[in-house]
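# Coordinate inspection notes
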Amino acid sequence: KGTKVPMQPDEGVLATHSPEQCPTTFSNMSRTDILMNQNVRAAQAIAGELLWVSQRTRLDIAYPVNRCCSLATTDPFRAVRIGRQVLTYLKTTMYEGLAYDPPAESLARFERQYPQAQPFDKAYKDNSVTIYTDASFAKTGEFSIGSFVVCIAGSPVTWRCSKQALASVSTCESEMQAAQEGYVGGLNVSTLLSEMMGESWSMHLVIDNQAAVQLLT
C-alpha cells in the first residue's frame, strides 16, 4: 500500500530567517564585519535545516539546497535569499512526498502521468536496483554539478547532488563522473540488499548522454 510522506515547513520560518538575525557581541568588529557575521550565521542556519529536509524526503530540492550550502560563507545574503525561496516552494508543495508502491502500481502510475513517454521497464521489476545519473556541465572551468538517484523496484531510496571532485572539460566527462558516483551508490545499496535478503539484485545504470553511454559500454 502506497505511503506518502508530507513535508510541512514551520509557518514562522519565513519570518525568522532574515539576514539581521543572530546578533553578535564582538565589540572589536567593524559594522561591515558584524553584518557579514550575522548574514553567515543566518545562511548556515537555513542551509542546515533545508539540507536535513532534502536528505530525508524532498529530493526535488537537492540542487538549490546544494547552492545554498555552497554560498553560505562566500555570499551569505544570496544564500539566505535562495533558502527563503526554497521554503516558499516547500510551503506550496507541503502535501507532495515520496510514494512507495508495488512495482506494478508504480509502473501504472508512471504511464498515467506520462502517457507519451516510454518507461524503462527493467526499473520496475522485483530485485532490481536502478541508478539514474545526470550532470550540469560548467563551461567556465569550474567544478560541474553531478547527481544520482538510486531506486529499488521503481521507488527512490537514496540520492545525492553535489559538486564533482574533478573539473570536467566536456559534457561527456561530467556525465561519466556522475555515472561513476551513481554506480558506487547503487553498488552499496545492492550489496546491502544482497546481505539482508540473501539473494542477488540486478543493477541498471541509466544515463541521458549518448557519448558517455558509448564510452562506458
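Structure first, text after, so check above.
Because the structure is predicted, anything quoted here is derived from the model rather than measured.

Analysis parameters
- Residues numbered from 1 in each chain as written.
- Predicted model: local features only at pLDDT ≥ 70, side-chain atom pairs only at ≥ 80, totals over all residues.
- Heavy atoms only, no water.
- Helix = DSSP H or I, 4+ residues; strand = E, 2+ residues; numbered from the N terminus.
- Buried < 20%, exposed > 50% of the residue type's maximum accessible area, 1.4 Å probe, protein only.
- Contact = heavy atoms within 4.5 Å.
- Areas by Shrake-Rupley, 256 points an atom, 1.4 Å probe, with all protein chains shown as cover.
- Pairing = 2+ DSSP bridges.
- Patch = residues over 30% accessible without salt bridge, like charges linked within 9 Å, V, L, I, M, F, W, Y side chains within 5 Å.
- Salt bridge = Lys/Arg side-chain N within 4 Å of Asp/Glu carboxyl O.
- Phe/Tyr/Trp six-rings, centres within 6.5 Å; stacked < 30°, edge-to-face > 60°.

This next bit is on the overall build of the protein chain. Helices and strands together make up the secondary structure of the protein chain, namely 7 helices and 4 strands. Moving toward the C terminus, one meets the helices and strands of the protein chain in the order α-α-α-α-α-β-β-β-α-β-α. Burial analysis of the protein chain (217 residues in total) assigns 39% to the buried set. Sequence-distant contacts, at least 24 apart, represent 59% of the contacts inside the protein chain between residues at least 6 apart. For the protein chain, the exposed area adds up to about 12,800 Å²; of that, 55% sits on carbon and sulfur atoms.

In this sheet, strand 4 (residues 202-207) lies alongside strand 1 (residues 128-136) in parallel orientation, the contact comprising 6 bridges. Across the sheet, the residue bridging to T133 is I207, located in strand 4. Alignment of strand 1 against strand 2 (residues 145-152), held across 8 bridges, turns out to be antiparallel. Note that in strand 2 the partner of S136 across the bridge is I145.

Okay, a nonpolar patch on the surface next. Taken together, the side chains of Y183, V184, L187, L205 and L216 present a nonpolar region at the surface, about 400 Å² in accessible area. Ranked by the residues each element gives to the nonpolar patch, the list is headed by helix 6 (residues 171-197), at 3 residues.

A complete count under the given rule lists 2 aromatic pairs for this structure. An angle of 45° between the planes, with centres 5.2 Å apart, marks the rings of F110 and Y114 as tilted. Judged by relative accessible area, F110 falls into the partly exposed class, the value being 23%. You can call Y114 partly exposed: its relative accessible area is 45%. The structure contains a cluster of three or more aromatic residues connected by ring pairs, namely F110, Y114 and Y124.

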